[in-house]
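Per-entry structural report
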Amino acid sequence: MVCKACGRNTANENANYCEYCGTSFRENIPIRQEDYSIGKDKSMEIESTGNEKPISFGNWMGTMLLPFIPIVGIFIYLVMMFVWAFGSDTPKSKKNWARASLIISVIAIILFVFMLTSTMMDIMNSGLSIEEYMNQLYKL
Ligand SMILES: [Zn+2]
């Protein structure tokens, strides 16, 4: 048995380890492989993400142009955003982008509603009714 690590010859043909450097001769025995894969699961996942094929220029162009389609575009865009964010066959990078975009949209909507509400409150506090305020707007 010739050692792959140190190149020296071990007399015992059934030896599990090199008697000079201790390198295992049994790289492929199942128990070792199992131990290896259990420990490797998490890094394997990261590795597969790292090796993921990049999303093409055309794909991004289509994605970015979607909301500019007149009338229906914005609705398709919103639906697709959910599909991309939660769909199982979306590439991970696009999925992350869709999730981030959705969260940003939600924050923007909350801020908008909050600002709208505080504007309404200001109008109420200034002693005007909404009806009067609207009438004033139309008069301008
Ligand atoms: Zn050796």
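Residues numbered from 1 in each chain as written. Predicted model: local features only at pLDDT ≥ 70, side-chain atom pairs only at ≥ 80, totals over all residues.

For the rest of this paragraph, the subject is the overall build of the chain. Counting its secondary structure elements, the chain contains 5 helices and 0 strands. Start at the N end of the chain and walk to the C end: the helices and strands fall as α-α-α-α-α. The buried share of the chain, reckoned over its 140 residues, is 1%. Across the chain, the fraction of contacts at a sequence separation of at least 24, relative to all contacts at a separation of at least 6, is 14%. (Helix = DSSP H or I, 4+ residues; strand = E, 2+ residues; numbered from the N terminus. Buried ≥ 20, exposed ≤ 12 C-beta atoms within 10 Å, placed from the backbone. Contact = placed C-beta atoms within 7 Å.)

The next point concerns unusual backbone geometry. At Ile-71, a residue that is not glycine, the phi angle is positive and equals roughly 60°. Turning to its location among the elements, Ile-71 is positioned in the loop between helix 2 (57-65) and helix 3 (73-86).

A word on the environment of Met-64. On the secondary structure map, Met-64 appears in helix 2. Owing to 10 C-beta atoms within 10 Å, Met-64 belongs among the exposed residues under this scheme. A C-alpha to C-alpha distance of 9.0 Å links Met-64 and Tyr-77, two positions 13 residues apart in sequence.

The next thing to look at is the environment of Phe-86. Tracing the backbone through its elements, the reader meets Phe-86 in helix 3. Spatially, the C-alpha atoms of Phe-86 and Arg-99 are 8.1 Å apart, while their sequence positions differ by 13 residues.

Moving on, we get to the packing of helix 3 against helix 4 (residues 92-125). How two helices pack is summed up by the angle between their axes together with the distance between the axes. Relative orientation of the contacting elements helix 3 and helix 4 amounts to 130°, with a least axis distance of 7 Å. Here helix 3 is positioned oblique relative to helix 4, judged by the angle of their axes. Relative to helix 4, helix 3 is oriented so that their crossing is left-handed. Between helix 3 and helix 4, the contacting residues are Met-81, Trp-84 and Ala-85 on the first element and Lys-94, Lys-95, Ala-98, Arg-99, Ser-101 and Leu-102 on the second. Residue composition of the contact of helix 3 with helix 4, by class: 5 nonpolar, 1 polar and 3 charged. (Axes fitted to C-alpha atoms, helices over the stretch in contact; angles between N-to-C directions. Parallel < 35°, antiparallel > 145°, perpendicular 65-115°, else oblique. Left-handed = near helix turned anticlockwise from the far one by under 90°. Nonpolar A, V, L, I, M, F, W, Y, C, P; charged D, E, K, R; others polar.)

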